[in-house]
Amino acid sequence: MSELARLQRTFLAALRGEGDGELAPHLIAGSHVQACLCVYRDGMGAAWHDELADTYPVVRRLVGPDFFREMAGRYGRSHPSTSGDLHGYGDRLAEFLEGYPFARGLPYLPDVARLEWACHECFHAADGRALDVAALARVPQASQGGLRLGLRPWVRLAASPHPVLALWEANQPGRDGAPDELRGAERILVARADFVVRPSPIGEGQWVFLEALAQGQTLQQAVTRLRRRGLHETFGELLMACASAGLLAGPTGFSGEGER
Amino acid sequence: MASLPRVPAADGAGVGLRAPHYRALLERLPPLAFLEVHSENFFGGGGQPLAWLERFRREYPVSLHGVGLSLGSADALDPGHLERLAGLVRRCDPCFVSEHLCWSSVDGHHANGLLPLPFTDEALDHVVGRISAVQERLGRQILVENVASYVRFAHSAIPEWEFVSEVARRAGCGVLLDVSNIHVNAVNHGFDALRYLDAIDAASVSEIHLGGHEAAGWGLIDSHAAAVAPDVWTLYEAALARFGPRPTLVEWDAGIPEPDVLLGEAAQAKSRLARAAAAATPMGEP
């Protein structure tokens, strides 16, 4: 290992609180070395906290800023940043919260975090190309079942046994945090329109259909999933509604792909 | 993307473009020579951030200023990060692409801060190689910025100013000279800031940064949360006298003020740039 690598490893370990002692001989000693190192340590913690606070404003409002700051510190120690681009930081907060003992009294919190992460991803996602409806129509009917459509990059699905969308809505800026009505389980579509990301409740049929497409299933497989729930007769309607809302991409998986 | 001049005039002043000012600046289109953004804020594939950037790009030259490439890290360069930067460069045809002369990651773990390099031959060789690799990948020269620092390494063998000028000379990169950081380091580490300026090759200085700092009990912190201090304005005048006018950008990243306050800082830089330009013009020429 190079001297430089050794020094950087020692430096980062000191910032993470894993032993200032080893770094000390590398630094020009002054009476303020600890305070100076704290500028770097505090900067790292602040960058991570602020990124989480930007991405998870509803989680932060639900638990309060002090709880959130403590949680962010513990998340940072167990999930240090792995990128120079902080926009990917915090992707595992929902799983972290599932095992976070101090959040045990808030069983919906991990799903709220999942919903906020979905919103964050949709906000920054590429536009992607919409479903080529004309190309779809040109595919012989007998082959259509084998097609795979996908979702646009700015579309996500979220589901929870808890009314997380009602909580999300009630904790938007200008709202007092009290949900209008406490619905039960929720299926949620997160999508972007005119640069604004909005989560909205969707029915079981649309959920089953979009989930199948998101998982790379063929149209035939999507119909089969709908049939299991007695919803297969809505297939055509779902396809048209989702296509006209611009949610779908593709198609892929047919021999005419790429032809004019 | 635009038919604007790609590069700001040498006596042009600009500001760091931050989200709270997007609407106000687009409505007013103040006479700024350029804008600068943090590259990583536009690494997403689409959506509103890139739409804003493209609207501003139609009105101003834009400089991409990276905070996360970790040029001085002993790790391998992150190919995904470099790829996203290259994509953004293609997309917005920036006037400058800059990164910091520092490191922020090791073993794949990032501190997401600007950590100091030891000024050694080993670090010099390493960072020169990395800058060359980045310039090759991007197909253009980049600028590297001197950073503020709060500790010094016992085995640093080269003065910071020699390290910076050697990096520029050997890598063929430009220098983004942060005059505020020179002042902060001069106070923190007890050197003469003018000596630093004297050591830098004028031809390598492509851009100047100014930003606010704050005092701690033991020294100064480069916080970008305040107006440029009087001592820094004085040092900036010395820099312009030494290098001639250079496109100058004012950064303000925390406790972001009303647009007029930031534009006032840019106007202060502009008036000094105009004086420096006049002083640099021989008598009788326009």
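Shown above is the structure to which this text applies.
Since we're looking at a predicted model, the values are computed, not measured.

S.K.: What is the right way to read the pairing of strand β12 (residues 248-251) of chain B from this model?
M.R.: Two faces belong to every sheet, and in a regular strand the side chains alternate between them. Residue and element names in this part refer to chain B. Here β12 shows a buried face lined by T248 and V250 and a second buried face lined by L249 and E251. Here strand β1 (residues 13-16) runs beside β12; their pairing, made up of three bridges, is parallel. Each bridged residue has a counterpart across the sheet, and for G14 the counterpart in β12 is L249. Note: strand β9 (residues 205-211) against β12, four bridges, orientation parallel. Opposite I208, over in β12, you have T248 as the bridge partner.

S.K.: So what exactly am I meant to see when it comes to the environment of A191(A) here?
M.R.: All names here are of chain A. By secondary structure assignment, the location of A191 is in strand β3 (residues 186-193). Taking the relative accessible area as the measure of exposure, A191 reaches 14% and is therefore buried. In this structure, the C-alpha to C-alpha distance between A191 and R104, residues 87 residues apart in sequence, is 30 Å. Leave out the neighbours within four places in its chain, and A191 touches W154, V196, V197, R198 and L247.

S.K.: Whenever I open this one, helix α8 (residues 230-243) of chain B confuses me. Can you help?
M.R.: Three or four residues apart is the spacing at which side chains of an α-helix point the same way, because the helix has 3.6 residues per turn. Residues and elements named next belong to chain B. If you check α8, its first and last C-alpha atoms are 20 Å apart, about what 14 residues at 1.5 Å a residue would give, namely 20 Å. Taken together, the buried positions of α8 are occupied by V232, W233, L235, Y236, A239, L240 and F243. Looking straight down α8, one finds that the buried residues subtend no more than 160 degrees of arc, so they occupy a single side. Along α8, exposed side chains directed more than 90 degrees from the buried face belong to P230, D231 and A241.

S.K.: Whenever I open this one, the sheet that holds strand β4 (residues 196-201) of chain A confuses me. Can you help?
M.R.: Each strand in a sheet pairs with its neighbour through backbone hydrogen bonds, running either in the same direction (parallel) or in the opposite one (antiparallel). Residue and element names in this part refer to chain A. Pairing is antiparallel in the open sheet, where three strands are placed in the order β2-β3-β4. Looking at which strands have only one partner, the edges of the open sheet turn out to be β2 (155-160) and β4. Strand-to-strand twist in this sheet, taken as the mean axis angle between neighbours without regard to direction, amounts to 20 degrees. Relative to β3, β2 runs antiparallel, the two sharing six bridges. Its bridge partner lying in β3, R156 is registered against V190. Of the strands in this sheet, β2, β3 and β4 touch helix α6 (residues 109-124), which is tilted by about 20 degrees from β3.

S.K.: Could you clarify how one ought to interpret the nonpolar core in this entry?
M.R.: Within soluble globular proteins, side chains that are nonpolar generally end up buried alongside one another. Within the largest apolar cluster, 168 residues are counted, with the highest numbers of intra-cluster contacts made by F11(A), F209(A), L248(A) and F163(B). Here this core takes 10 residues from helix α2 (residues 33-55) of chain A, the largest share from any one element.

S.K.: Teacher, can you tell me more about the sheet that holds strand β7 (residues 143-145) of chain B here?
M.R.: Residues and elements named next belong to chain B. On the basis of which strands lie adjacent, the closed barrel formed by eight strands has the order β1-β2-β3-β4-β7-β8-β9-β12 and parallel pairing. Averaged over all pairs of adjacent strands, the angle between their axes in this sheet comes to 25 degrees, without regard to strand direction. In terms of strand pairing, β7 meets strand β8 (residues 174-178) through three bridges, oriented parallel. Residue pairing in the sheet places V144 in a bridge with V175 of β8.

S.K.: Would you take a moment to explain the pattern of salt bridges for this structure?
M.R.: Charged atoms that come close allow side chains of opposite charge to pair. Residues and elements named next belong to chain B. Applying the stated criterion to the full structure yields 21 salt bridges over all chains. Between R28 and D260 there is a salt bridge, and its shortest N-O distance comes to 2.6 Å. Taken together, the positions of R28 in helix α1 (residues 22-28) and D260 in helix α9 (residues 259-280) put the pair 232 residues apart, joining distant regions of the chain. Between D93 and R57 there is a salt bridge, with its nearest N and O atoms 3.8 Å apart. With a gap of 36 residues between them, D93 in the loop between α3 (79-92) and β4 (97-100) and R57 in helix α2 (residues 48-57) connect regions that are remote in the sequence. A relative accessible area of 26% means that D93 is categorised as partly exposed. Exposure remark for R57: the relative accessible area of 0% places this residue in the buried category.

How each quantity is defined
- Residues numbered from 1 in each chain as written.
- Chains lettered and ligands numbered in written order.
- Predicted model: local features only at pLDDT ≥ 70, side-chain atom pairs only at ≥ 80, totals over all residues.
- Heavy atoms only, no water.
- Buried < 20%, exposed > 50% of the residue type's maximum accessible area, 1.4 Å probe, protein only.
- Helix = DSSP H or I, 4+ residues; strand = E, 2+ residues; numbered from the N terminus.
- Pairing = 2+ DSSP bridges.
- Contact = heavy atoms within 4.5 Å.
- Expected span 1.5 Å × (residues − 1).
- Arc of directions from axis to C-beta.
- Axes fitted to C-alpha atoms, helices over the stretch in contact; angles between N-to-C directions.
- Core = buried A, V, L, I, M, F, W, Y, C linked by side-chain atoms within 4.5 Å.
- Salt bridge = Lys/Arg side-chain N within 4 Å of Asp/Glu carboxyl O.

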